[in-house]
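Observations on the three-dimensional arrangement
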Amino acid sequence: MNRRRTSPRVKDASAARLRVLRLRDFRWFFTGQTLSTFGDYLALPAVSIAVLDRTGSASDIGLVLGARSVPIVVFMLLGGVIADWLPRDRVMIGADLARLTGQGATAILLLGGHSQVWQLMCLQVVNGTASAMFTPAVSGLVQQTTPPELRQAANALRGMSQSATMVAGPLVSTLLILSVGSAWAIAADAATFGLSAACLSRLRLSDSRGPREVLHLVRDLREGWSELTARTWAWSLILAASVSNMLSTTFTVLGPVVSERYLAGGASAWGVVLTAFGAGAVTGGVVALNVRPNRPLRFAVLVGALFALPSLVMSQASSVVPIAAGAFLGGVGLMVFDPLWETVLQREVPATALSKVSAYEWFGSYLGQPLGLMFAGPVSAHLGLRGTLLAAGLANLTVSLAPLAVRDVREYSAAPDPAKE
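The structure contained in this document is the topic of the report that follows. Just so you know, these numbers come straight off a predicted model, no measurement behind them.

1. Section: the overall build of the chain
Tallying secondary structure elements over the chain gives 17 helices and zero strands in all. In terms of C-alpha radius of gyration, the chain reaches 21 Å, essentially the compact-globule figure of 22 Å for 421 residues. By principal-axis analysis of the C-alpha atoms, the chain measures approximately 60 × 55 × 45 Å. Classification of the 421 residues of the chain by burial places 54% in the buried group. Expressed as a percentage of contacts within the chain between residues at least 6 apart in sequence, the contacts between residues at least 24 apart total 88%. Accessible surface for the chain amounts to roughly 17,500 Å². Of this, 65% is attributable to carbon and sulfur atoms. Separation of charge centres in the chain, based on 34 positive and 24 negative side chains, amounts to 7 Å.

2. Here we look at the nonpolar core
Of all hydrophobic cores here, the largest spans 47 residues; its most connected members are Met166 and Met314. In this structure, methionine 314 is in contact with Phe251, Gly255, Val258, Ser259, Trp270, Ile323, Arg386 and Leu389, ignoring residues within four places of it in sequence. Formed by 29 residues, the second largest nonpolar core is a distinct cluster that contains Val73, Val303, Val349 and Val409.

3. Digging into helix H12 (residues 309–316)
Those residues of H12 that fall on the buried side of the exposure criterion are Pro310, Ser311, Leu312, Met314 and Ser315. Residues of H12 that are buried make contact with helix H9 (232–262), helix H10 (267–290), helix H13 (320–348) and helix H16 (385–401).

4. Concerning the environment of glutamine 103
Tracing the chain through its elements places glutamine 103 in helix H4 (residues 88–112). Discounting chain neighbours no more than four positions away, the residues touching glutamine 103 are Ala43, Gln124, Asn127, Ile186, Asp189, Ala190 and Phe193.

5. Some thoughts on the environment of proline 87
As for its placement among the helices and strands, proline 87 is situated in the loop between helix H3 (58–85) and H4. For proline 87, a relative accessible area of 37% translates into the label partly exposed.

6. Here we look at the pattern of salt bridges
Within the structure shown, the criterion is met by six salt bridges. Residue glutamate 227 is joined to arginine 231 by a salt bridge in which the shortest nitrogen-to-oxygen separation is 2.9 Å. Arginine 231 gets classed as buried once you look at its relative accessible area, which sits at 15%. In this structure, arginine 347 and glutamate 348 form a salt bridge, with 3.0 Å as the shortest nitrogen-oxygen distance.

7. Quick notes on the packing of aromatic side chains
Going through the model one piece at a time under the given rule, you end up with seven aromatic pairs. For the ring pair tryptophan 233 and tryptophan 341, a centre distance of 5.8 Å and an interplane angle of 70 degrees mean the geometry is edge-to-face. Here tryptophan 233, found in helix H9, pairs with tryptophan 341, found in helix H13; they are 108 residues apart in sequence, far enough to count as distant. Each member of the pair, tryptophan 233 as well as tryptophan 341, is classed as buried. With a centroid separation of 5.9 Å and 45 degrees between ring planes, the pair formed by tryptophan 233 and tyrosine 412 is classed as tilted. In this pair, tryptophan 233 is assigned in helix H9 and tyrosine 412 in the segment after helix H17 (407–411), connecting sequence segments 179 residues apart. Taken as a pair, tryptophan 233 and tyrosine 412 share a single burial class, namely buried. An aromatic cluster of at least three residues, connected via ring pairs, comprises Phe26, Phe29 and Phe30. Above the ring of phenylalanine 134, the side-chain terminus of arginine 99 is found at 4.3 Å from the ring centroid. Note that arginine 386 overlies the ring of tyrosine 262, its terminal NZ or CZ placed 5.4 Å from the centroid.

8. Things to note about empty space enclosed by the protein
Scanning the model with the defined rule gives two cavities of 30 Å³ or more in all. In this structure, the second largest cavity spans a volume of roughly 40 Å³. Looking at the second largest cavity, the residues that line it are Val47, Ala50, Val51, Val64, Thr106, Leu110, Leu120, Gln124 and Ile186. Of all the secondary-structure elements, those providing two or more residues to the lining of the second largest cavity are helix H2 (24–55), H4 and helix H5 (117–145). If one sorts the elements of the lining of the second largest cavity by residue count, H2 sits on top with three residues. Tallied by class, the residues present in the lining of the second largest cavity amount to seven nonpolar, two polar and no charged.

9. A short note on a nonpolar patch on the surface
Nonpolar side chains collect at one region of the surface, where Leu371, Phe375, Val379 and Leu383 lie side by side and expose about 370 Å² of accessible area between them. As for its placement among the helices and strands, valine 379 is situated in helix H15 (residues 369–383). Relative accessible area serves as the criterion here: at 33%, valine 379 is assigned to the partly exposed category.

Rules and cut-offs
Residues numbered from 1 in each chain as written. Predicted model: local features only at pLDDT ≥ 70, side-chain atom pairs only at ≥ 80, totals over all residues. Heavy atoms only, no water. Helix = DSSP H or I, 4+ residues; strand = E, 2+ residues; numbered from the N terminus. Rg over C-alpha atoms; globule rule 2.2 N^0.38 Å. Buried < 20%, exposed > 50% of the residue type's maximum accessible area, 1.4 Å probe, protein only. Contact = heavy atoms within 4.5 Å. Areas by Shrake-Rupley, 256 points an atom, 1.4 Å probe, with all protein chains shown as cover. Lys, Arg positive; Asp, Glu negative; His and termini not counted. Charge placed at Lys NZ, Arg CZ, Asp CG, Glu CD. Core = buried A, V, L, I, M, F, W, Y, C linked by side-chain atoms within 4.5 Å. Salt bridge = Lys/Arg side-chain N within 4 Å of Asp/Glu carboxyl O. Phe/Tyr/Trp six-rings, centres within 6.5 Å; stacked < 30°, edge-to-face > 60°. Lys NZ or Arg CZ within 6 Å of the ring centre and 35° of its normal. 1 Å grid on protein atoms, 1.4 Å probe; cavity = no way out; pocket = protein on both sides within 12 Å on 5 of 7 lines; lining within 4 Å. Points joined across faces, edges and corners; volume = space filled by probe spheres on them. Nonpolar A, V, L, I, M, F, W, Y, C, P; charged D, E, K, R; others polar. Patch = residues over 30% accessible without salt bridge, like charges linked within 9 Å, V, L, I, M, F, W, Y side chains within 5 Å.

If you want it as structure tokens, here you go:
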């Protein structure tokens with residue numbers, strides 16, 4: 001009788017995942033990140049629906065969401081320098097406490113029933129500024145809490161966790177919106193930042209970066225820029241990601257409006273679409289954990305192009321099922337790309353410069369988002385909701401595949417390099 005055997009590659013990946021969870025500091029970091037990310041995906045549909053209920057305007061949704069993105073762009077590079085200068089866990093705890101305050105105040109305003117768009121924008125500026133301090137430290141903290149041979153497993157596990165929260169967050173948010181209102185979903189997001197800070201406070205890290213001089217912003221930014229521009233594969237992918245993320249915000253802004261006006265279920269339909277995206281991201285995380293492509297960047301770009309599908313499908317479909325299917329495939333593409341990219345970055349960039357390079361990565365990735373968020377509504381007034389989604393989706397597909405024209409992206413090899421390991 002023939003018996004199906006588990007692939008050695010799958011066994012190795014599963015074993016690596018279990019080994020990395022045995023690391024105490026990574027386990028606390030991972031737990032805090034999971035809780036915090038769950039809150040982020042809980043709040044995203046809630047903020048959009050709260051603004052839509054308040055004003056009925058797609059442009060106002062873009063303004064509020066854009067108010068968070070602008071300070072991320074402005075302060076991300078500073079956050080990277082700070083994360084390479086101060087203990088990263090302390091930087092992240094401070095950022096979590098600031099986000100707890102900002103989102104808590106947002107929930108209180110909405111519960112009071114007298115919130116204005118400008119007030120919500122100001123509080124999202126607080127949230128975005130804290131995120132700019134927090135985000136560049138993440139990649140460096142993964143490097144500090146894991147040995148080189150377990151980093152792809154750690155990144156893939158983080159990706160799977162993020163994917164799971166992409167499913168659970170919108171699902172729970174939809175239930176809260178329909179039962180008690182969007183403000184309570186945002187209040188729950190605030191609570192997750194407090195829990196994340198508590199988990200990070202449990203870390204006991206020995207900092208191997210050596211003594212650091214007094215913060216020298218220009219010098220440190222120049223160092224990070226030199227490390228980035230020395231790697232063609234890195235800056236070309238970041239450039240493509242910046243434009244792709246700008247175009248994908250069209251789906252974020254117009255998606256709830258299309259759902260409210262044209263899909264059965266309204267807000268609940270948008271929750272289903274976001275949940276499907278999260279389910280696709282879970283699937284993509286499983287793929288990323290179990291694959292070891294010889295050309296990881298080429299593979300990541302090809303699969304990552306699926307990220308353009310949600311806008312393309314929503315521009316043509318009139319029911320939630322095909323839109324959810326497109327969102328599912330978009331989630332697969334995003335979460336296959338991210339862990340492979342993070343692993344290459346952590347492998348190739350020295351620990352002393354990783355947060356600064358990561359800051360340029362996030363700065364580039366977020367650079368176009370405020371423009372996309374703020375202009376999606378006005379553009380749709382001229383092209384229509386579906387016309388804007390179609391144009392953005394086609395452009396996103398083209399931009400996502402463009403890095404394949406770069407030789408270093410196509411030919412980067414994952415062959416082990418003992419000198420770096």
